[in-house]
Amino acid sequence: MSNQMEEEVAVKKNKTLRVVTGIIISAVALGAIALGSIPLYILLGVIIILCSKEYVKILNHKGFYPSFSVILFADIVFLTLTFFHRFDLISSMLALAVMASFLSVLFKGRQPYIVNVATTILGTLYTAWLPCHLLLIRQIGQNRVGAFQFLQTEGLWLLIFVFVAVAITDIGAYYFGVKFGRHKLAEVVSPKKTIEGALGGGLCAILVSAFAVFYTDLNLLQAVFGGLIVTLSAQLGDLSESLIKRDAGVKDSSNILPGHGGMLDRFDGYLFAIPVAYYYFMYFTHGKNVLIEFIEYLGKVIHVYF
């Protein structure tokens, strides 16, 4: 009985730590998102570097040795190019990162060669390039870099939309999983996740996303569909990080965040959700609709040949 009481106290303490840590993280993140520019650049830089460090540490546990130096260089360069709108240099950086990944292994001479090259390249994309899309969303409707001033652009509200949708997905999935979870979602990768939890988290995210019509330029259909793809992407991002940890035999990416594990554990859903949301906004809601463009193109082809 004593052991059971101790376990219950430990679980309650962990839940309290998780809530407190979550509130602090959310407050800091929302503050940086609201200010944008340099504060957001600094915060995102810290998150990216810590995620990269944890990624390398996880793979070291597996016996793989990606180059943290190459990934760190990619972190800083991708983030800085995005910040200054130098998108013309992104493809050059991608090519350089691939070559640097080979050279880092070539001159270190550490086995397994191919895996070390591949995991270094993966790191430059997974923990360096994907998170930079957060800055891209924040810059929607913004034609200058700015400094420490509050810039109330459409990008601010769209980023809050994504932030809230992912957070509600996590909360909803946890609640529905505990209350109604019966069927395993991906038992080999993440034994505790259930289909009921995933569906519940997704439903909550979609319902909350509908309220975006009051603070963004999205109409109801765009907001609901946006909520759907964001929650799906977030859950796939979560499972993808779990896959890496499971393969490496690691429970948490680190213990830097009390009650949450590591930085990568906390932001894994955002690594997928943010890029997906950005391209959705740019190519379907806040730019030239690619679907309409494709239909127009087909119309011209039919007109010419038929």
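Heads up: the structure comes first, above all this text.
Residues numbered from 1 in each chain as written. Predicted model: local features only at pLDDT ≥ 70, side-chain atom pairs only at ≥ 80, totals over all residues. Heavy atoms only, no water.

A.B. asks: Summarise the overall build of the protein; cite the residues concerned and give the values.
C.D. replies: A tally of regular secondary structure across the protein gives 11 helices and 2 strands. Along the chain direction, N to C, the helices and strands of the protein fall in the order α-α-α-α-α-α-α-β-β-α-α-α-α. Burial status across the protein gives 44% buried among its 306 residues. In the protein, the proportion of contacts linking residues at least 24 apart, taken out of those at least 6 apart, comes to 69%. (Helix = DSSP H or I, 4+ residues; strand = E, 2+ residues; numbered from the N terminus. Buried < 20%, exposed > 50% of the residue type's maximum accessible area, 1.4 Å probe, protein only. Contact = heavy atoms within 4.5 Å.)

A.B. asks: I'd like a description of the pattern of salt bridges, backed by residues and values.
C.D. replies: Within the structure shown, the criterion is met by 6 salt bridges. Between K193 and D238 there is a salt bridge; the shortest N-O distance is 3.4 Å. Taken together, the positions of K193 in strand 2 (residues 190–194) and D238 in helix 9 (residues 220–248) put the pair 45 residues apart, joining distant regions of the chain. Taking the relative accessible area as the measure of exposure, K193 reaches 25% and is therefore partly exposed. Note on D238: relative accessible area 18%, which makes it buried. We note a salt bridge from K245 to E241, for which the minimum N-O separation is 3.5 Å. With K245 and E241 both in helix 9, this residue pair falls 4 residues apart, about one helical turn. Across this residue pair, the class does not change: K245 and E241 are buried. In this structure, a network of salt bridges that share partners links the residues E241, K245 and D265. (Salt bridge = Lys/Arg side-chain N within 4 Å of Asp/Glu carboxyl O.)

A.B. asks: Lay out the environment of L134 in plain terms, naming residues and giving numbers.
C.D. replies: Here L134 shows up in helix 6 (residues 133–138). Each C-alpha atom of the pair L134 and L44 lies 8.3 Å from the other, and the pair is 90 residues apart in sequence. Leave out the neighbours within four places in its chain, and L134 touches L40, L44, L159 and I274.

A.B. asks: Would you mind going over the packing of helix 2 (residues 37–62) against helix 9 in detail, with residue names and values included?
C.D. replies: The N-to-C vectors of helix 2 and helix 9 enclose an angle of 35 degrees; their axes lie 8 Å apart at closest approach. Residues I58, L59, H61 and K62 of helix 2 form the contact with helix 9, whose own contacting residues are I244, K245, D247 and A248. A per-class count over the contact of helix 2 with helix 9 returns 4 nonpolar, 1 polar and 3 charged. (Axes fitted to C-alpha atoms, helices over the stretch in contact; angles between N-to-C directions. Nonpolar A, V, L, I, M, F, W, Y, C, P; charged D, E, K, R; others polar.)

A.B. asks: Tell me about a nonpolar patch on the surface, and name the residues and values.
C.D. replies: A surface patch of nonpolar side chains, about 250 Å² in accessible area, is lined by V20, I24 and V28. By secondary structure assignment, the location of V28 is in helix 1 (residues 2–35). Of the residues examined, V28 reaches a relative accessible area of 44% and is grouped as partly exposed. (Patch = residues over 30% accessible without salt bridge, like charges linked within 9 Å, V, L, I, M, F, W, Y side chains within 5 Å. Areas by Shrake-Rupley, 256 points an atom, 1.4 Å probe, with all protein chains shown as cover.)

A.B. asks: Report on the pairing of strand 2, specifying residues and quantitative values.
C.D. replies: As paired elements, strand 1 (residues 184–186) and strand 2 share 2 bridges and run antiparallel to each other. Along strand 2, the bridge assignment pairs K184 with T194. Linking strand 1 to strand 2, which pair antiparallel, is a turn of 3 residues. (Pairing = 2+ DSSP bridges.)

A.B. asks: So what's going on with the packing of helix 2 against helix 3 (residues 68–83)? Which residues, and what values?
C.D. replies: Two elements in contact, helix 2 and helix 3, have axes separated by 10 Å at closest approach and are oriented at 160 degrees. Here helix 2 lies roughly antiparallel to helix 3, going by the angle between them. Considering only the axes of helix 2 and helix 3, their crossing is right-handed. Contacts between helix 2 and helix 3 pair S37, I38, Y41, L44, G45, I48, I49, S52, K53, Y55 and V56 from the former with F68, I71, L72, D75, L79, T80 and F83 from the latter. (Parallel < 35°, antiparallel > 145°, perpendicular 65-115°, else oblique. Left-handed = near helix turned anticlockwise from the far one by under 90°.)

Honestly, it's all geometry; don't read function into it.
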